[in-house]
Amino acid sequence: MSWQHKALWLEKITKRMMLIVGILGLIVIYCGFFFLLFSGRSVAVIPWFFLLSPWICIYFGLTQTQQAQVVHWFFKKCKNPFKK
């Protein structure tokens, strides 16, 4: 097995792990956030970056093509926020 093949394998595994961690983090953090919100407790103790961090993991777990599509979609949404 060449070092290039090992590097590609490592990149593939790392991206898959980022995707899994992001999805699990999304479920855990948002369930906890909504539990605190709907139970009437203060959500002020949760920093805003905790709510964004799973999305960052998910983004970096995507392929380069998917990442480019996400950036294109995001900029399109920012230009016309109310257009579907």
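The rules we used
Residues numbered from 1 in each chain as written. Predicted model: local features only at pLDDT ≥ 70, side-chain atom pairs only at ≥ 80, totals over all residues. Heavy atoms only, no water. Helix = DSSP H or I, 4+ residues; strand = E, 2+ residues; numbered from the N terminus. Rg over C-alpha atoms; globule rule 2.2 N^0.38 Å. Buried < 20%, exposed > 50% of the residue type's maximum accessible area, 1.4 Å probe, protein only. Contact = heavy atoms within 4.5 Å. Areas by Shrake-Rupley, 256 points an atom, 1.4 Å probe, with all protein chains shown as cover. UniProt positions renumbered as here; feature names shortened; annotations may be inferred. Disulfide = S-S within 2.5 Å. Phe/Tyr/Trp six-rings, centres within 6.5 Å; stacked < 30°, edge-to-face > 60°. Expected span 1.5 Å × (residues − 1).

> Which parts of the structure should I look at to understand the overall build of the protein chain?
Counting its regular elements, the protein chain contains three helices and zero strands. Tracing the protein chain from N to C terminus, the helices and strands come up as α-α-α. Taking 2.2 N^0.38 as the reference for a compact globule, 84 residues should give roughly 12 Å; the C-alpha atoms of the protein chain span a radius of gyration of 17 Å, well beyond that estimate. Its C-alpha atoms give the protein chain principal-axis dimensions of about 55 × 30 × 15 Å. Taking all 84 residues of the protein chain together, the buried fraction comes to 13%. Pairs at least 24 apart in sequence give 57% of the contacts found in the protein chain among residues at least 6 apart. Of the roughly 7,300 Å² of accessible surface on the protein chain, a fraction of 74% belongs to carbon and sulfur atoms.

> Hey, could you run me through the UniProt feature "transmembrane region" (unreviewed entry) in the protein chain in this one?
Sequence positions flagged by UniProt for "transmembrane region" (unreviewed entry) are, in local numbering, residues 20-38 and 44-62. When the span residues 20-38 is considered, its composition is 100% helix and 0% strand, and the gap between its end C-alpha atoms is 27 Å. Its end C-alpha atoms 31 Å apart, residues 44-62 is made of 74% helix and 0% strand.

> Got a minute to help me understand the state of the cysteines in this structure?
A covalent bond between the sulfur atoms of two cysteines is what we call a disulfide. Under the counting rule described, the total for this entry stands at zero disulfides. Of all cysteine sulfurs, the one in Cys 31 lies closest to Cys 57, which takes part in no disulfide; the gap is 17 Å. Under the relative-accessibility criterion, Cys 57 is labelled buried at 19%.

> What exactly am I supposed to notice about the packing of aromatic side chains here?
Pairs of aromatic rings are described using the distance from one ring centre to the other and the angle between the two planes. Using the criterion set out here, one finds seven aromatic pairs in the structure. Centroid distance Phe 33 to Phe 34: 5.4 Å. Interplanar angle 65°. Geometry classified as edge-to-face. An angle of 85° between the planes, with centres 6.0 Å apart, marks the rings of Trp 48 and Phe 49 as edge-to-face. Relative accessible area serves as the criterion here: at 61%, Trp 48 is assigned to the exposed category. Judged by its relative accessible area of 45%, Phe 49 is partly exposed.

> Please explain helix α1 (residues 3-38) as it appears in this structure.
Counting along an α-helix, one turn takes 3.6 residues, and residues three or four places apart therefore face a common direction. In this model, α1 (36 residues) spans 52 Å end to end at C-alpha, consistent with the 52 Å of a helix rising 1.5 Å per residue. Every buried residue belonging to α1 is among Gly 22, Gly 25, Phe 33 and Leu 36, and all of these are buried. Tucked into the core, α1 has its buried residues touching α2 (48-61). Two residues or fewer after α1 comes Gly 40, characterised by a positive phi angle close to 90°.

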